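Working through the structure, step by step
Residues per chain are reported as follows:
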Amino acid sequence: MNTDFINDHPDLRTSITLFDKWLIMNQHTKQLPSVAVGLVHNGDLLWGKGYGYADLANKTPMTLDTRFRIASITKTFTALAILQLVEQGQLRLDDPIGDYVTWFNLQYADAPPITIYHCLTHTSGLPRDATIPHWTENVFQDVDEFRETTQTRYPTMPPLMAHSYSNLGYSLLGEVIETVTGKTWEDAIQNILNQLGMTDTVVKPQGHEDRLAIGYLTYDDNYEREAVSFIETKAFSPSASMASTVNDLVKYAKFHLSKGLTPLISGYYLREMHRVHWVNEDWSGGYGLGTRTWRMGDYVVSGHTGGYKGFLTMFSVCREHDFGVIVLTNSLDSTPYQVAEKAYTLVLPEITKITAKTRTPDPIWQDYVGSYKYDWGDGEVVIRNGQLQVLDLKYLNAPPIILEPTDADTFIIRVPGNPGETAKFIRDDSGKVVRMQLRNEYSIKVD
């Protein structure tokens, strides 16, 4: 943990202390077996702690190295393996599933084929789960039974009509990976873990692994919790099988917070993973390529939740501010989303204050500061929050244009809705700034 960084910033230390005390109160009030939490900043564990017991009967303390079934967080790994194959040119997102899974021929009447993209984004129209009540009876189909029964199904709607969560769709993606690579889905995911150094994460746990937490149901009428026996997910492993720890998921968060080239995929495809491809009807969030997206306070957060009998979990990152929250629990009455939301609204604001303070304006920016006129209105170039900003006096409530420095007098424009083009300040023969050019338009500096 980065205790030096925390201690150097008293307001951050206070917010983490309050978060810690809230977690203690929450765990005690709800009498939860355990909670393990990790806060990630700039790719490292900023702060983390385990509360309660991984095993109530043996009073085994919860730690950041305790393994939990992470359930649907597994989908992010399956999606990542698919995107590796896309980047390698071995498949395309718009390829029909049936091109790789030869036994699969399900198609809604008068609709196009179900594609890899549809399964990644849960817009395939496929049923959610198998033909048996596996989440109720704790028995999952093996591969042969899964293939046989899936061929008897029928899509509930055409692709792209709605976001309809489908574990079945991710099981099909696992089969695509096996067909293309000639290896098992487990091998493909293990390769990802090896490259990220996630040595404590298990792709297909069998229940005998050390440091594996016991999962618990909610209280019964006698206020006792029933422990859940280990359940193997079999054919549904690409949807929900994996087990991991807070400390290992910190390494995973570091990868997801990367902005450029990574050991696994390019920055482009990593951004595509976290970009919203399907927006909720209420605009509260959406789904990307294997990741969910939420709004938490003032921040856009992406990642995935996990729900497995006895375990509720959440893995999330705010890529804009290099911050992540990991919450692992071993009971069905826990609230990992609430815990994560508390961290984003209590701790992240202090992080953003610190990072804003550390921006150091270039002294030469003073040459650009001032008023600029052109036929469409009046603009002001200012230095604020350690940034060079352009404001329109007519629309001061609108987000400013941020100018990100590149070469001398040249900047990249960062503004919602139209980023990425060039701004340049023009000097006269004496070296005085006389004009600002934004994209292909310009305005004159007023003395």
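**Some words on the overall build of the protein chain**
When helices and strands are tallied, the protein chain shows 13 helices and 21 strands. Principal axes of the C-alpha set define a box for the protein chain whose edges measure 80 × 55 × 40 Å. Out of the 447 residues belonging to the protein chain, those deemed buried represent 52%. Of the contacts formed within the protein chain by residues at least 6 apart in sequence, a portion of 60% connects residues at least 24 apart. One way to put it: in the protein chain the 40 positive side-chain charges average out to a point 4 Å from where the 54 negative ones average out.

**Let's talk about the sheet that holds strand 3 (residues 60-61)**
For sheets, the rule is that strands pair by backbone hydrogen bonds, running either parallel or antiparallel. Read from one edge of the open sheet, nine strands run 3-2-1-13-12-11-10-9-8, paired in antiparallel fashion. Since the sheet does not close on itself, it has two edges, and those belong to strand 3 and strand 8 (278-279), each with one partner. The sheet strands contacting helix 10 (residues 246-256) are strand 1 (34-41), strand 2 (44-55), strand 12 (311-318) and strand 13 (323-329), and the helix crosses strand 12 at an angle near 35°.

**A word on the packing of aromatic side chains**
Going through the model one piece at a time under the given rule, you end up with 22 aromatic pairs. Aromatic pair F68 and F311: ring centres 6.3 Å apart, planes at 80°, arrangement edge-to-face. In this pair, F68 is assigned in strand 4 (residues 68-69) and F311 in strand 12, connecting sequence segments 243 residues apart. Take F68 and F311: they sit in the same class, and that class is buried. A centroid spacing of 6.2 Å and a plane angle of 55° characterise the contact between F140 and F236, whose relative ring orientation is tilted. With F140 in the loop between helix 5 (134-137) and helix 6 (143-150) and F236 in the loop between strand 6 (225-228) and helix 9 (237-240), this pair connects stretches of sequence that are 96 residues apart. Take F140 and F236: they sit in the same class, and that class is buried. When the ring centre of Y308 is taken as origin, the NZ or CZ atom of R69, which lies over that ring, is 4.3 Å away. Here K75 stacks its cationic end above the ring of Y170, 5.9 Å away from the centre of that ring.

**Structural notes on the nonpolar core**
Counting residues in hydrophobic clusters, the biggest one holds 75 residues, and the most contacted among them are I97 and I116. Here this core takes eight residues from helix 3 (residues 74-87), the largest share from any one element. Setting aside residues no more than four positions away along its own chain, I116 makes contact with I82, L91, R92, L93, D95, I97, Y100, L173 and V176. Residues I6, V37, V339 and A343 belong to the second largest nonpolar core, which totals 31 residues.

**Some details on the side chain of D200**
Counting through the fold element by element, D200 comes out in the loop between helix 8 (185-196) and strand 5 (215-219). A relative accessible area of 17% places D200 in the buried class. Excluding residues that lie within four positions of it along the chain, D200 makes contacts with D65, R67, R211, A243, T245 and D248.

**Description of the pairing of strand 14 (residues 370-374)**
Two elements, strand 14 and strand 15 (residues 377-384), share five bridges in a ladder whose sense is antiparallel. Across the sheet, K373 pairs through a bridge with D378, a residue of strand 15. Where strand 14 lies against strand 21 (residues 441-446), three bridges are found, and the strand directions are antiparallel. Counted as the bridge partner of K373 is I444 from strand 21.

**Comments concerning the sheet that holds strand 19 (residues 422-427)**
With antiparallel pairing, the eight strands of this closed barrel are ordered in space as 14-15-16-17-18-19-20-21. On average, each strand axis in the sheet is inclined to that of its neighbour by 30°, with strand direction left out of account. In this structure, strand 17 (residues 401-405) lies alongside strand 18 (residues 410-414), joined through four bridges in antiparallel fashion. In the strand pairing of strand 18, I402 is matched with R414.

**Section: unusual backbone geometry**
Despite not being glycine, N42 shows a phi value in the positive range, around 55°. You can see N42 is positioned in the loop between strand 1 and strand 2. One non-glycine residue, H122, lies in positive phi territory at about 60°. When you line up the elements, H122 lands in the loop between helix 4 (116-120) and helix 5.

**Looking at a negative patch on the surface**
Among the surface-exposed residues, D142, D144, E145 and E148 lie close enough to one another that they form a single negatively charged patch. Of the residues examined, D144 reaches a relative accessible area of 58% and is grouped as exposed.

**A closer look at the pattern of salt bridges**
Under the criterion given, the structure shown has 17 salt bridges. For D200, the salt bridge identified is with R67, shortest N-O distance 3.6 Å. Residue D200 is located in the loop between helix 8 and strand 5, and its partner R67 is located in the loop between strand 3 and strand 4; the two are separated by 133 residues in the primary sequence. The residue R427 makes a salt bridge to D367 at a minimum N-O spacing of 3.1 Å. Here the residue R427 occupies a position in strand 19, and D367 occupies one in the loop between helix 13 (348-357) and strand 14, the gap between them amounting to 60 residues. When its relative accessible area of 32% is taken as the criterion, D367 is described as partly exposed. Through salt bridges that share partners, R67, D200, D210 and R211 make up one connected network.

Criteria and thresholds
- Residues numbered from 1 in each chain as written.
- Predicted model: local features only at pLDDT ≥ 70, side-chain atom pairs only at ≥ 80, totals over all residues.
- Heavy atoms only, no water.
- Helix = DSSP H or I, 4+ residues; strand = E, 2+ residues; numbered from the N terminus.
- Buried < 20%, exposed > 50% of the residue type's maximum accessible area, 1.4 Å probe, protein only.
- Contact = heavy atoms within 4.5 Å.
- Lys, Arg positive; Asp, Glu negative; His and termini not counted.
- Charge placed at Lys NZ, Arg CZ, Asp CG, Glu CD.
- Pairing = 2+ DSSP bridges.
- Axes fitted to C-alpha atoms, helices over the stretch in contact; angles between N-to-C directions.
- Phe/Tyr/Trp six-rings, centres within 6.5 Å; stacked < 30°, edge-to-face > 60°.
- Lys NZ or Arg CZ within 6 Å of the ring centre and 35° of its normal.
- Core = buried A, V, L, I, M, F, W, Y, C linked by side-chain atoms within 4.5 Å.
- Patch = residues over 30% accessible without salt bridge, like charges linked within 9 Å, V, L, I, M, F, W, Y side chains within 5 Å.
- Areas by Shrake-Rupley, 256 points an atom, 1.4 Å probe, with all protein chains shown as cover.
- Salt bridge = Lys/Arg side-chain N within 4 Å of Asp/Glu carboxyl O.

None of this, on its own, says anything about what the molecule does.
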